[in-house]
Amino acid sequence: MSEYIKPEKTIWKMADGSIFEGPMAELPKSGASKIAKAGVEVSKEWLKAQGWADPSKKKAAPVKKSAPKKKVETKAVKPSEDK
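Residues numbered from 1 in each chain as written. Predicted model: local features only at pLDDT ≥ 70, side-chain atom pairs only at ≥ 80, totals over all residues. Heavy atoms only, no water.

### A word on the environment of Glu41
For the record, the criterion: Helical segments are the DSSP runs of H or I of at least four residues, strand segments are the runs of E of at least two, and each set is numbered from the N terminus. Residue contacts follow a heavy-atom distance rule, with two residues in contact if any of their heavy atoms lie within 4.5 Å.
Among the secondary structure elements, Glu41 is positioned in the loop between strand 4 (33–36) and strand 5 (42–43). The sequence separation of Glu41 and Glu3 amounts to 38 residues, and the corresponding C-alpha distance is 9.6 Å. For Glu41, the contacting residues outside a window of four places in its chain are Tyr4, Ile5 and Lys6.

### Remarks on the sheet that holds strand 4
Our working rule: Two strands are counted as paired when DSSP detects at least two bridges linking them. All axes are obtained by fitting lines to C-alpha atoms, using only the stretch in contact for helices, and the reported angles, taken between N-to-C directions, cover 0 to 180 degrees.
Taken in spatial order, the 3 strands line up as 3-2-4 in an open sheet, and their pairing is antiparallel. If you trace the sheet from one side to the other, it starts and ends with strand 3 (19–21) and strand 4, each paired once. Taken over all neighbouring pairs, the strand axes of this sheet differ in orientation by 35 degrees on average, direction set aside. Pairing between strand 2 (residues 11–13) and strand 4: 3 bridges, direction antiparallel.

### Quick notes on the pattern of salt bridges
It is possible for side chains bearing opposite charge to pair when their charged atoms get close. Filter applied, for reference: Here, a salt bridge means any Lys or Arg side-chain nitrogen found within 4 Å of an Asp or Glu carboxyl oxygen.
Following the criterion strictly, the structure yields 2 salt bridges and no others. In this structure, Lys44 engages Glu3 in a salt bridge whose closest nitrogen and oxygen atoms are separated by 3.5 Å. On the criterion of sequence distance, the pair formed by Lys44 in helix 1 (residues 44–49) and Glu3 in the segment before strand 1 (4–5) is long-range, its members being 41 residues apart. Between Asp16 and Lys29 there is a salt bridge, with its nearest N and O atoms 3.4 Å apart. Here Asp16 is found in the loop between strand 2 and strand 3, whereas its partner Lys29 is found in the loop between strand 3 and strand 4, with 13 residues between them in sequence.

Any functional reading would require information that these geometric values do not contain.
In structure tokens form, the structure reads like this:
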């Protein structure tokens, strides 16, 4: 038996084959086909067949360790008495 998922956002398949998640008002191009409606159960097999990748299985980008920051020295400068 296949697994079902309730997407949080509506999933659209663009004319060029790319996938967009969000409301119709935010579609970058016209001519998209709705493949899943937000809040309605959809088969994961169907979504995979349409080219959608499960976001829960995506790996997060590795966290880069930043170099330790050097402490900035503040030196007091005496005001010149040329006035």
